[in-house]
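Examination of the molecular architecture
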Amino acid sequence: MAPDPGDEIAPLIKILKLPYPLLSDPQQTAFEAYGLIVNDTLSGGNFVIDPKGHLSYAYRGVTPDDRPPIKELMAAIEEAANGETHGES
């Protein structure tokens, strides 16, 4: 998810060849829904949605660049793919 308009992130999507959709959220509606606005500042976060469409992992950062360890995120992705729930961080 990016706070930029879709036409601004389209070139980035092409360059990175992302294997997943990147949501454009210039009104910050999803940022607010996922609890990523802290003291009027966008914070970072990572979320894993399982194949059934359920949120199986959530990491809400304290700062815009705060992210979980890659090993933890990859474990959450694998667990979601196998139908397990990793839990929130």
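In case you missed it, the structure is sitting above this.
Residues numbered from 1 in each chain as written. Predicted model: local features only at pLDDT ≥ 70, side-chain atom pairs only at ≥ 80, totals over all residues. Heavy atoms only, no water.

1. Let's talk about the overall build of the chain
Quick note on the threshold: By definition, any uninterrupted DSSP run of H or I lasting at least four residues is a helix, any uninterrupted run of E lasting at least two residues is a strand, and each is numbered from the N terminus. Relative accessibility under 20% of the residue-type maximum defines a buried residue, over 50% an exposed one, and the middle range a partly exposed one, all with a 1.4 Å probe and only protein chains included. Between two residues, a contact is recorded if the distance between any of their heavy atoms is within 4.5 Å. We get accessible surface area from the Shrake-Rupley algorithm with a probe of 1.4 Å; when it comes to residues, only the shown protein chains can shield them.
Counting its secondary structure elements, the chain contains three helices and five strands. For the chain, the sequential pattern of α-helices and β-strands runs α-α-β-β-β-β-α-β. Here the C-alpha coordinates of the chain stretch approximately 35 × 35 × 25 Å along the principal axes. By residue count, 24% of the 89 residues in the chain fall in the buried class. Within the chain, counting contacts between residues at least 6 apart in sequence, those at least 24 apart form 30% of the total. Surface accessibility of the chain: about 6,200 Å² in total, with carbon and sulfur atoms responsible for 55%.

2. Things to note about the nonpolar core
Going by this rule: Only buried residues count toward a nonpolar core, which is a set of Ala, Val, Leu, Ile, Met, Phe, Trp, Tyr and Cys residues joined through side-chain atoms within 4.5 Å.
Judged by nonpolar contacts, V48, Y57, Y59, L73, A76 and A80 together constitute the single largest core of six residues. The set of elements that each furnish at least two residues to this core consists of strand 4 (55-60) and helix 3 (70-81). Tallying contributions element by element places helix 3 first for this core, with three residues.

3. Let's talk about the environment of G45
Structurally, G45 can be placed in strand 3 (residues 45-49). Through-space distance from the C-alpha of G45 to that of A76 is 14 Å; in sequence the pair is 31 residues apart. Discounting residues that sit within four places of it in the chain, G45 has contacts with L36, Y59, R60, G61, D66 and R67.

4. Brief notes about helix 3
To keep it simple, the criterion reads: For a helix, the expected span equals 1.5 Å multiplied by the number of residues minus one. Throughout, the arc means that of the directions going from the helix axis to the C-beta atoms.
Between its first and last C-alpha atoms helix 3 spans 16 Å; for 12 residues at 1.5 Å apiece the expected length is 16 Å, and the two agree. By the burial criterion, the buried members of helix 3 are L73, A76 and A80. Looking straight down helix 3, one finds that the buried residues subtend no more than 60 degrees of arc, so they occupy a single side. Residues of helix 3 that are exposed and point more than 90 degrees away from the buried face comprise I70, K71, E78 and A81. Where helix 3 is buried, its residues meet strand 3 and strand 4. Positive phi appears at G83, one or two residues downstream of helix 3, with a value of about 85 degrees.

5. Comments concerning the pairing of strand 4
Under the convention used in this document: At least two bridges found by DSSP between two strands are what make those strands a pair.
Across five bridges, strand 3 lies against strand 4 in antiparallel orientation. Paired with V48 across the strands is Y57, a residue of strand 4. Hairpin connection between strand 3 and strand 4: a loop of five residues separates the two successive antiparallel strands, and G53 in this loop has a positive phi of roughly 90 degrees.

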